[in-house]
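Here is what each chain is made of, one letter per residue.
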Amino acid sequence: MAKHFVGVLYALSLFSLCLSAAVNGRSPTKVSLQALPGSYSVGTISLELIDHSRIDPYAPTPQPRALMVSLFYPTTDIHPPFAPYLPTELAAVAYQYLSLPAGFSESIQTQAHLNARLKEIPDIPIILFSPGLTGIREEYTTLLEGLASYGYLVIAMDHTYDGILIEFPDGTIVQGIPTLAADTQTLDVRTKDSIFVIDQLSNKTFIQQIPGIVHRTFKEIKIAMLGHSLGGSTTLAVLEADDRVLGGVGLDPPIFGNEEKLGTCKPFLLFGKENHTRY
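Per chain, residues are indexed from 1 in the order of the written sequence. The model is predicted, so local features are restricted to residues of pLDDT at least 70 and side-chain atom pairs to those at 80 or more, both for listing and for counting; the totals for chains, interfaces and linings are taken over all residues. Note that the side-chain values use all heavy atoms of the structure and ignore hydrogens as well as water.

A.B. asks: Explain the overall build of the protein chain to me, please; I cannot follow it from the model alone.
C.D. replies: Of the regular secondary structure elements, the protein chain holds seven helices and twelve strands. By definition in these notes, contact holds between two residues if any of their heavy atoms fall within 4.5 Å. Within the protein chain, contacts between residues separated by at least 24 positions form 70% of all contacts whose residues are at least 6 apart in sequence. Computed with the Shrake-Rupley method and a 1.4 Å probe, the accessible areas treat only the protein chains shown as cover for residues. Of the accessible surface of the protein chain, which amounts to about 13,300 Å², a share of 56% is contributed by carbon and sulfur atoms. Only DSSP runs of H or I with at least four residues qualify as helices, and only runs of E with at least two residues qualify as strands; both kinds are numbered from the N terminus onward.

A.B. asks: What is the right way to read the environment of Pro211 from this model?
C.D. replies: Looking at the secondary structure, you find Pro211 in the loop between helix H5 (204-207) and strand S10 (223-228). When the C-alpha positions of Pro211 and Gly43 are compared, they lie 9.2 Å apart, and in sequence the two are 168 residues distant. Residues in contact with Pro211, not counting those within four places in the same chain, are Ile45, Tyr73, Asn115, Ala116, Arg117 and Leu118.

A.B. asks: Explain the sheet that holds strand S11 (residues 245-251) to me, please; I cannot follow it from the model alone.
C.D. replies: Adjacent strands of a sheet form backbone hydrogen bonds with each other and so pair up, either parallel or antiparallel. At least two bridges found by DSSP between two strands are what make those strands a pair. Ordered by their spatial adjacency, eight strands build an open sheet running S5-S2-S3-S7-S6-S10-S11-S12, and the pairing between neighbours is mixed. Since the sheet does not close on itself, it has two edges, and those belong to strand S5 (112-114) and strand S12 (268-271), each with one partner. Taken over all neighbouring pairs, the strand axes of this sheet differ in orientation by 25° on average, direction set aside. Sheet topology places strand S6 (residues 126-130) next to S10; five bridges connect them, and they run parallel. Bridge pairing in S10 links Ser130 to Gly227. To get an axis, fit a line to the C-alpha atoms, keeping to the stretch in contact for a helix; angles then go from 0 to 180 degrees between the N-to-C directions. Set on the sheet, helix H3 (residues 141-148) makes contact with strand S2 (41-55), strand S3 (64-75), S5, S6, strand S7 (153-157), S10 and S11; between it and S3 the angle comes to about 50°. Here helix H4 (residues 184-199) sits on the sheet in contact with S2, S3, S6, S7, S10 and S11, set at roughly 115° to S2.

A.B. asks: What's the story with the pattern of salt bridges in this structure? I'm lost.
C.D. replies: Pairing between side chains becomes possible if they bear opposite charge and their charged atoms approach one another. By convention in these notes, a salt bridge is any Lys or Arg side-chain nitrogen within 4 Å of a carboxyl oxygen on Asp or Glu. Enumeration according to the criterion identifies eleven salt bridges in this entry. Between Asp193 and Arg65 there is a salt bridge, and its shortest N-O distance comes to 2.8 Å. Residue Asp193 is located in helix H4, and its partner Arg65 is located in strand S3; the two are separated by 128 residues in the primary sequence. As far as burial versus exposure is concerned, Asp193 and Arg65 are alike and both buried. Asp242 is paired through a salt bridge with Arg244; the nearest N and O atoms lie 2.6 Å apart. Each of the salt bridges in this network shares a partner with another, and the network as a whole consists of Asp51, Arg54, Asp56, Arg65 and Asp193. Working definition: with a 1.4 Å probe on protein chains only, accessible area under 20% of the residue-type maximum means buried, over 50% means exposed, and in between means partly exposed.

A.B. asks: What is the right way to look at the side chain of Asp56 in this model?
C.D. replies: Along the polypeptide, Asp56 turns up in the loop between S2 and S3. Under the relative-accessibility criterion, Asp56 is labelled buried at 5%. Contacts described as polar in this section are N or O atom pairs within 3.5 Å, which, within protein, must combine one atom able to donate a hydrogen with one able to accept it, while residues neighboring in sequence count only if both atoms come from side chains. Engagement of the side chain of Asp56 in a polar contact is seen with the backbone nitrogen of Tyr58, the distance being 2.8 Å. Setting aside its immediate chain neighbours within four residues, Asp56 contacts Gln63, Pro64, Arg65, Ala66 and Tyr161.

Right, here's the structure in full:
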């Protein structure tokens, strides 16, 4: 896991490099995210999922809960293009909303091939990823690409109205609700999001959208979950709520709710800083 933390730090250094160039009036340098640490090339695709069984608790008008996910996976289909760091419409909004320099997103070269075909690996292990509060899946691209290069199918979720800016396929940009807190209500919504995404692994409509899938099913699902901050809290909650998730990793998560007292009987690796979100 240490390699993946190095990858996150590397991505932050790229941000500093591009920002410095923009401030000094130079065109941002085209820089690549960290080289893949595993033996596989990586493909990626982003998909919209709609949970018709739930009304979105945050939406301004009644509507089903809609989520965006990105899949990262091993591939031998290494044709161009590489996936953009941010979708086009989201990048344009992010420049203004987050005060990023124009062209910042285009200056970053990812390592994942857009819409590449999934390499057929028998019983491929699956990792479900949940970001921190206000976080979006694109922020974690280096981490997600790195995991996929080791042979995992990684499914990264955005939690709508929780993430700061989320783009849907029709170009709609959903902004996060600034008053959302890391509390049991938010955790419950995130837990239900996670279980719904796991359910899609048995949904043929979802599976057939993955490039390279012909008659593939995920009958013997091997799932672990990974989360950062509130995503780590979500991971612990999902471990207890869903028997299909065999173990998890939390990157500096606060521990609260039932899990604070009950813990978990499943393997859970916790990374944290002393006296930070610890009890």
